[in-house]
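Observations on the three-dimensional arrangement
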Amino acid sequence: MASSVLYSNIGNPPTQIIKGEGHYLLTEDGLKLFDATSGAAVAALGHNNPEIKAAIVEQLETLDYCYLPFFTSAAAEKICSFLTESTGGEMSKVFIVSSGTEAVEASLKMARQYFVELGQLPRTKFIARKQSYHGNTLGSLATGFHKGRRAIYEPILAANVSHVSPCYAYRGCKSGESDEEYVNRLAKELEDEFQSQGPDTVCAFIAETVSGTTLGCVPPVPGYFKAMREVCDRHGALLILDEVMSGMGRTGTLHAWQQEGVVPDLQTIAKGLGAGFVPIGALMLNKRVVEVLSRGSKAFVHSQTYQGHPVACAAALAVQNIVARDGLLDNVKLQGELLGKLLQERLSGHKRVGDIRGRGLLWGIEFVKDKTTKEPFPAQEQIGQKIHLKGLEPKYSISLMPGPGIVDGKDGDIILIAPPYTVSSADVKHIVNTIAEVPSGRYLSIT
Ligand code: PLP
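Residues numbered from 1 in each chain as written. Predicted model: local features only at pLDDT ≥ 70, side-chain atom pairs only at ≥ 80, totals over all residues.

**Side note on the overall build of the protein**
- Helix and strand counts for the protein come out as 15 helices and 15 strands.
- Taken over C-alpha atoms, the radius of gyration comes to 21 Å for the protein, in line with the 22 Å a tight globule of 447 residues would show.
- Projected onto its principal axes, the C-alpha positions of the protein cover 65 × 60 × 45 Å.
- Per-residue burial for the protein yields a buried fraction of 50% across its 447 residues.
- Excluding contacts between residues fewer than 6 apart, the proportion of contacts in the protein whose partners are at least 24 apart in sequence is 72%. (Helix = DSSP H or I, 4+ residues; strand = E, 2+ residues; numbered from the N terminus. Rg over C-alpha atoms; globule rule 2.2 N^0.38 Å. Buried ≥ 20, exposed ≤ 12 C-beta atoms within 10 Å, placed from the backbone. Contact = placed C-beta atoms within 7 Å.)

**Some thoughts on the site of the ligand**
- Taken together, 16 residues form the shell around the ligand, and within it S99, G100, T101, V244 and M245 come nearest.
- Among the elements that make up the shell around the ligand, the one with the highest residue count is helix α4 (residues 100-117) (three residues).
- Each residue belonging to the shell around the ligand can be placed in one class, and the counts come to six nonpolar, eight polar and two charged. (Near = placed C-beta within 6 Å. Nonpolar A, V, L, I, M, F, W, Y, C, P; charged D, E, K, R; others polar.)

**Structural notes on the sheet that holds strand β11 (residues 353-359)**
- Judged by pairing direction, the sheet is antiparallel, and its four strands sit side by side in the order β11-β12-β15-β14 without closing on themselves. The sheet is open, and its two borders are formed by β11 and β14 (401-407), each paired with just one other strand. Within this sheet the neighbouring strands show an average axis-to-axis angle of 25 degrees, counted without direction.
- Strands in contact with helix α13 (residues 328-347) are β11, β12 (362-367) and β15 (411-417); relative to β11, the strand with the most contacts, it is inclined by about 175 degrees. (Pairing = 2+ DSSP bridges. Axes fitted to C-alpha atoms, helices over the stretch in contact; angles between N-to-C directions.)

**Considerations on unusual backbone geometry**
- One non-glycine residue, M248, lies in the positive phi region at around 55 degrees.
- Tracing the sequence through the fold places M248 in the loop between β8 (238-243) and β9 (266-269).
- Accessibility expressed as a C-beta count within 10 Å gives 31 for M248, which makes it buried.
- A positive phi angle, close to 70 degrees, is found at K298, a residue other than glycine.

**Comments concerning the pairing of β14**
- Counting buried residues in β14 gives seven out of seven residues, a clear majority hidden from the surface.
- Sheet analysis places β14 next to β15, joined by five bridges and oriented antiparallel. Counted as the bridge partner of P404 is D413 from β15.
- Hairpin connection of β14 to β15: three residues between the antiparallel strands, including D408 at a positive phi of 55 degrees.

**Some details on the nonpolar core**
- Judged by nonpolar contacts, the single largest core of 122 residues is most densely connected at A282 and A315.
- The element contributing the most residues to this core is helix α12 (residues 310-325), with 10 residues. (Core = buried A, V, L, I, M, F, W, Y, C linked by C-beta atoms within 7 Å.)

**A closer look at the packing of helix α2 (residues 50-62) against α12**
- Orientation of α2 relative to α12, taken along the N-to-C sense of each, is 150 degrees, at an axis distance of 9 Å. What the angle tells us is that α2 and α12 run roughly antiparallel. Pair α2 / α12 crosses with right-handed handedness. Of the residues in α12, those in contact with E51, I52, A55, I56, Q59 and L60 of α2 are P310, V311, A314, A315, A318, V319 and I322.
- A per-class count over the contact of α2 with α12 returns 11 nonpolar, one polar and one charged. (Parallel < 35°, antiparallel > 145°, perpendicular 65-115°, else oblique. Left-handed = near helix turned anticlockwise from the far one by under 90°.)

**Regarding the sheet that holds strand β13 (residues 398-399)**
- Ordered in space as β1-β2-β3-β13, the four strands form an open sheet in which the pairing is mixed. The outermost strands of the open sheet, each flanked by one partner alone, are β1 (17-21) and β13.

**Focus on the environment of I127**
- Looking at the secondary structure, you find I127 in strand β5 (residues 125-129).
- Residues I127 and L6, spaced 121 residues apart in sequence, show a C-alpha to C-alpha distance of 33 Å.

**What to know about helix α3 (residues 74-85)**
- If you check α3, its first and last C-alpha atoms are 16 Å apart, about what 12 residues at 1.5 Å a residue would give, namely 16 Å.
- Along α3, the residues that are buried comprise A75, A76, I79, C80 and L83. For α3, the angular spread of the buried residues around the axis is 120 degrees, confining them to a single face. In α3, those exposed residues whose orientation departs by more than 90 degrees from the buried face are S81 and E85.
- Residues of α3 that are buried in the fold lie against α2, β4 (91-97), β10 (281-286) and α12. (Expected span 1.5 Å × (residues − 1). Arc of directions from axis to C-beta.)

**Here's the deal with the packing of α3 against α12**
- For the pair α3 and α12, the least separation of the axes is 8 Å and the interaxial angle reads 40 degrees. Here α3 is positioned oblique relative to α12, judged by the angle of their axes. Note that α3 runs across α12; the crossing there is left-handed. Contacts between α3 and α12 involve A75, A76, K78, I79 and F82 from the first element and P310, C313, A314, A316, L317 and Q320 from the second.
- When its residues are assigned to classes, the contact of α3 with α12 shows nine nonpolar, one polar and one charged.

**Details of the confidence of the model for the protein**
- Summing up the model confidence of the protein, the mean pLDDT is 95 and the portion of residues at 70 or higher is 98%.
- Quick note on the complex model: pTM equals 0.97, ipTM equals 0.99. (pLDDT = per-residue confidence, 0-100.)

**Observations regarding the pairing of β12**
- Counting buried positions along β12 yields six of six residues, so the element is predominantly enclosed.
- By the alternation rule, side chains of β12 split into L362, G364 and E366 and W363, I365 and F367, which are all buried.
- In the sheet, β11 pairs with β12 via six bridges, with the strands oriented antiparallel. Counted as the bridge partner of R359 is L362 from β12.
- As consecutive antiparallel partners, β11 and β12 are separated by two residues, and within that stretch G360 has a phi angle of approximately 60 degrees, a positive value.
- Pairing geometry for β12 and β15, over five bridges, is antiparallel. Bridge pairing in β15 links G364 to L416.

**Some words on the environment of P199**
- For P199, the location among the structural elements is in the loop between α8 (179-197) and β7 (202-208).
- Along the backbone, P199 and L118 are 81 residues apart, and their C-alpha atoms lie at a distance of 16 Å.
- P199 has contacts with F194 and H235, leaving out every residue within four places of it along the chain.

Structure (structure tokens):
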């Protein structure tokens, strides 16, 4: 019988997973796939965790749901307190939603409302970055830059978003340019964009702290976010850091900005928060933003039916308790270093591997047609997708995430490696050994 599920490719059903167990996904064909990307950098604890199941059941037995705008729950209170405390009080309020996209939408609305509260009504614009991904709803899509994802919706996307270059050393940094010179150039580009938009009309600059799918796990060069923060401060605009993918421990600290020497005004989180056991995301507000809201209308003009869902909050709290109790952030750093080192050793010599970069347990391999010119593969070659499909063959049995369109939001490919925080050194070696075998075939042969 034909399936009623709307897949990304209507005519081409993906493999059905019948069970998740630890670091593995079991397919209907009897394969045991190593989940080397934790889904989409989500399943931080792997699959089928008895403690999380118990926390979910316990929550269901006490309170399954209440409508947050009217009521609160112990679960919502606890996870929000945990989150604000994890920032040392820098962020002082949290708005819990059900996905990363919703968190980004809420951040854009909050930024606008902040300036309305301050009486700065002309502030209506956002500056985002090329090759960024912030979600697929209209507001978040307008801030992102993936051309394929935007193309048919372009006429209905908000026109109040402009885009500057991302911090992408592999392609952006000129030969002979130091990190400092590169950062200064990017800061000037942002400054120029503020000037061309009219500095008093900009609400916020939004960026992923460590870029995820659309650029391919690119950490910023040292000093980049400090320089961007300075430009925002100079013009009284907010800094929104989208940590939907890079946050909640994925890059080695609970919040990725903790490695950048800056604190955002608004921060979005999702994937690692609930680790895939429940759909959950959140917008976190800096205390400065909260003060303005508290002095003003006192109400965020935004609410959602599943906001602060008790079951999602209880599961997320259980996830975060395990991450802390088991010292998993230390493991992310340790195994992340090993993963980076082994990927470099095994793959940097590959003639189609242009760049390998990452932080913590978030790594990307960028494939190129020509290593010297860095010419990307054209989008229609679907190289990342081919590698993903190859990984699903029985002899590899690995799930790898393709990231298409990383060059100007159109051509070019990466595969993303983001295993659970619980991986061992043996798991990391297994991942790298397998990947070293996977890139084969017409375009990716080593010879
Ligand atoms: N922002 C970033 C940086 C992301 O990586 C993603 C998803 O990959 C999103 C936003 C959208 O999150 P979601 O798919 O949970 O809506």
